[in-house]
Amino acid sequence: MQRMGLPLGRATDEALLSGLTTGDPEIAVAFVRRFQRIVFGVAIAVVGDPQLAEDIAQQTFERAWRHAQIYDSRRGSVKTWLTTIAHNLAIDAVRARRASPVAPEDLDALLDIVTDTPEQQALADETSARIRSAVAALPREQARALVMAGIYGMTAQQIAEFERIPLGTAKTRIRTATRKLRTTLGTEASRR
Amino acid sequence: MSAMTCDRLKELAPELALGVLPAQERARAVAHLDRCAGCREYVEQLTLVGDGLLGLLPGTEPPVGFETRVVDRLSRSRPAPPRRLRLRVAAAAAAVACAFGFGGWAVGTALDDAPAPLSAQDQGHPALLQAALVANGHEVGRIFAYPGSPGWVYMSVDLVGLEKGAGEKVHCRLERSDGTTVPVGSFTLKGGYGYWGAPAPVDAATVSGAQLLAADGSVLATAHFPPRDAPS
Ligand SMILES: [Zn+2]
């Protein structure tokens, strides 16, 4: 960890993550401080319960710390990696706990947040801004299906029951929405 | 497993990428991705959509004292001496990344990208071991074991259709060539399906296979790693 006079708060995400493996508590604090809002935000959005969300956020940091050595930056940013860990833990918790993964009012509230275009969007990175407006541009029923599957981890069958629509319709909504967003991303993805 | 076409895979790809494809279809889709680079690329792109969606969730301040509690827990549970080693075997990184959500298909992706086992050894990295998990003569998953430092084990299991082990906690242990076994951890299957990875000591010189055990200790599936001088 290169700490030669450089404040930890200004180290890159990757440097902080790899610094976790040195066991330095100051680095651990800096790492947790930097990412706790993101990690807790994902957990609370999915599970809705603050105590459970805190458990999930804690487990997320433990996993990140345990697996810091094998994080591979080629497969995504540290932020995305942590978000994915938190999301998987949250979905597992919801599946283990509740019969219905989401309450209708929670779904609508989250959908509004995800498609909202607040002033801070100017500060957000370009990819997020594009995805946000792409979700906002979807027909409402497609956006709902996308959020139910992509954020709450609901299967097409669960979405069909929740929306009282045929299974095939639920699948079509998930597919159409996901493909539209991929097109949005595709125009900038020059990964090959 | 019955064959799956590229067209069918592309239909299922959005659900697969979002992690909501039911276990049985998922297992068949994963098998297809293991041998189809085009579909893998497609699913990867859709996975970026899922990541992007999660990126829209707003940050939320955790409860007071969260930071201190987390750091306390980390410092109490430190299992290994500090290391700065970074694994360079692509498969190693990706296989464990899978345990966090990329799903089993990424293992296949990673193995295609990975250096050949021999060249990995030339660079001083031990070769990744992998084998099919077999139950009643059928392949029910795959196990990957990395005999590095730190070593780790990763596996994906699909026991759908088998009576035992469908929704229960399962235990994994490694077998040594002298017949002894080492427990490496446990995880819970959901509807018969699950994937799991964890740090584990893997001794390349003695490890010969693995067993997946039910809660009552009965063997659900077994795996045998290929002989060391014949990397797969
Ligand atoms: Zn294909």
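Computed from a prediction, not measured in an experiment: that's the story for all the values here. (Residues numbered from 1 in each chain as written. Chains lettered and ligands numbered in written order. Predicted model: local features only at pLDDT ≥ 70, side-chain atom pairs only at ≥ 80, totals over all residues. Heavy atoms only, no water.)

1. Digging into the overall build of chain B
Looking only at helices and strands, chain B features 7 helices and 8 strands. A burial count over chain B gives 50% of its 232 residues as buried. Considering only contacts within chain B whose residues lie at least 6 apart along the sequence, 60% involve residues at least 24 apart. If you sum the accessible surface of chain B, you get close to 10,100 Å²; carbon and sulfur atoms cover 53% of it. (Helix = DSSP H or I, 4+ residues; strand = E, 2+ residues; numbered from the N terminus. Buried < 20%, exposed > 50% of the residue type's maximum accessible area, 1.4 Å probe, protein only. Contact = heavy atoms within 4.5 Å. Areas by Shrake-Rupley, 256 points an atom, 1.4 Å probe, with all protein chains shown as cover.)

2. Comments concerning the pairing of strand β5 (residues 181–188) of chain B
Residue and element names in this part refer to chain B. Strand direction decides the pairing type here: strand β4 (residues 169–176) and β5, joined by 7 bridges, are antiparallel. Residue pairing across strands places Leu 174 opposite Val 182, the latter belonging to β5. As consecutive antiparallel partners, β4 and β5 are separated by 4 residues, and within that stretch Gly 179 has a phi angle of approximately 95°, a positive value. (Pairing = 2+ DSSP bridges.)

3. Regarding the coordination of the zinc ion
Residues and elements named next belong to chain B. Within the protein, Cys 6 (SG), His 32 (NE2), Cys 36 (SG) and Cys 39 (SG) serve as the donor atoms for the zinc ion, at 2.1 to 2.4 Å. Angles of 105 to 115° at the metal separate the 4 donor atoms of the zinc ion, which places the site in the tetrahedral class. The sequence pattern formed by the donor residues of the zinc ion is C-x25-H-x3-C-x2-C. Within this pair, whereas Cys 6 is found in helix α1 (residues 6–18), its partner His 32 is found in helix α2 (residues 23–33), the two being separated by 26 residues in sequence. (Donors = N, O, S within 2.8 Å, 3.2 Å for Na, K, Ca; no water. Tetrahedral: all angles 85-135°; square planar, octahedral: opposite > 155°, others 65-115°.)

4. Examining the pattern of salt bridges
Taken as a whole and assessed by the stated rule, the structure comprises 14 salt bridges over all chains. Across the pair Arg144(A) and Asp108(A) runs a salt bridge whose closest N-O atoms are separated by 2.8 Å. Note that Arg144(A) is positioned in helix α7 (residues 140–150) and Asp108(A) in helix α5 (residues 104–115), a separation of 36 residues in sequence. Classification of Asp108(A) as partly exposed rests on a relative accessible area of 28%. Residue Glu15(B) pairs with Lys171(A) through a salt bridge whose shortest N-O separation is 3.1 Å. In this pair, Glu15(B) sits in helix α1 while Lys171(A) sits in helix α9 (residues 167–186), so the two residues belong to two different chains. Of the two residues, Glu15(B) and Lys171(A), neither departs from the other in class, the shared state being buried. (Salt bridge = Lys/Arg side-chain N within 4 Å of Asp/Glu carboxyl O.)

5. A word on the pairing of strand β7 (residues 207–213) of chain B
Residues in a regular strand project their side chains so that they alternate between the two faces of the sheet. Residue and element names in this part refer to chain B. Most of β7 sits out of view: 6 of its 7 residues are buried. Note: β4 against β7, 6 bridges, orientation antiparallel. Along β7, the bridge assignment pairs His 171 with Leu 213. Bridge count between β7 and strand β8 (residues 219–224): 5 bridges; the pairing is antiparallel. Residue pairing for β8: Leu 213 is matched across the bridge by Val 219. Connecting β7 to the antiparallel partner β8 that follows it, the hairpin turn spans 5 residues, and Gly 217 within it adopts a positive phi of roughly 95°.

6. Details of the packing of aromatic side chains
Tallying each qualifying case throughout the model produces 4 aromatic pairs over all chains. Members of the aromatic cluster, each reached through a chain of ring pairs, are Phe31(A), Phe35(A), Phe61(A) and Phe66(B). Over the aromatic face of Tyr42(B) sits the side chain of Lys10(B), whose NZ or CZ is 5.6 Å from the ring centroid. (Phe/Tyr/Trp six-rings, centres within 6.5 Å; stacked < 30°, edge-to-face > 60°. Lys NZ or Arg CZ within 6 Å of the ring centre and 35° of its normal.)

7. Brief notes about unusual backbone geometry
Residue and element names in this part refer to chain A. Phi at Arg 164 is positive, roughly 55°, even though this residue is not glycine. Locating Arg 164 in the fold gives a position in the loop between α8 (156–163) and α9. Exposure remark for Arg 164: the relative accessible area of 77% places this residue in the exposed category.

8. Topic: the nonpolar core
Counting 76 residues, the largest nonpolar core has Phe31(A), Val135(A) and Ile151(A) as the members making the most contacts within it. If you tally residues by element for this core, the top one is helix α2 (residues 25–47) of chain A, at 14 residues. Those residues in contact with Ile151(A), other than ones at most four positions away along the chain, are Val46(A), His87(A), Ile91(A), Leu110(A), Val114(A), Leu146(A), Leu53(B), Leu54(B) and Leu57(B). (Core = buried A, V, L, I, M, F, W, Y, C linked by side-chain atoms within 4.5 Å.)

9. Thoughts on the confidence of the model for chain B
All names here are of chain B. For chain B, per-residue confidence averages 74 on the pLDDT scale, and 69% of positions sit at 70 or higher. By mean pLDDT, helix α6 (residues 105–113) is the weakest element of chain B at 31, and α1 is the strongest at 96. The model gives residues 79–124 a pLDDT under 50, and that stretch makes 102 contacts with residues more than four places away or in other chains. With a pTM of 0.64, the predicted complex shows an ipTM of 0.89. (pLDDT = per-residue confidence, 0-100.)

10. A look at the environment of Ser128(A)
Relative to the elements of secondary structure, Ser128(A) occurs in helix α6 (residues 126–137). Placed 57 residues apart in sequence, Ser128(A) and Leu185(A) show a C-alpha to C-alpha distance of 9.8 Å. Look past the residues within four positions of Ser128(A) in its chain and what remains in contact with it is Gly55(B) and Leu56(B).

11. Looking at the packing of α5(A) against α6(A)
Residue and element names in this part refer to chain A. Close contact between α5 and α6 brings their axes to 8 Å; oriented N to C, the two are set at 130°. Between α5 and α6, the angle is such that the two are oblique. For the pair α5 and α6, the contacting residues are Ile 113, Val 114 and Thr 115 in the first and Arg 132, Val 135 and Ala 136 in the second. When the residues that make up the contact of α5 with α6 are grouped by side-chain class, the tally is 4 nonpolar, 1 polar and 1 charged. (Axes fitted to C-alpha atoms, helices over the stretch in contact; angles between N-to-C directions. Parallel < 35°, antiparallel > 145°, perpendicular 65-115°, else oblique. Nonpolar A, V, L, I, M, F, W, Y, C, P; charged D, E, K, R; others polar.)

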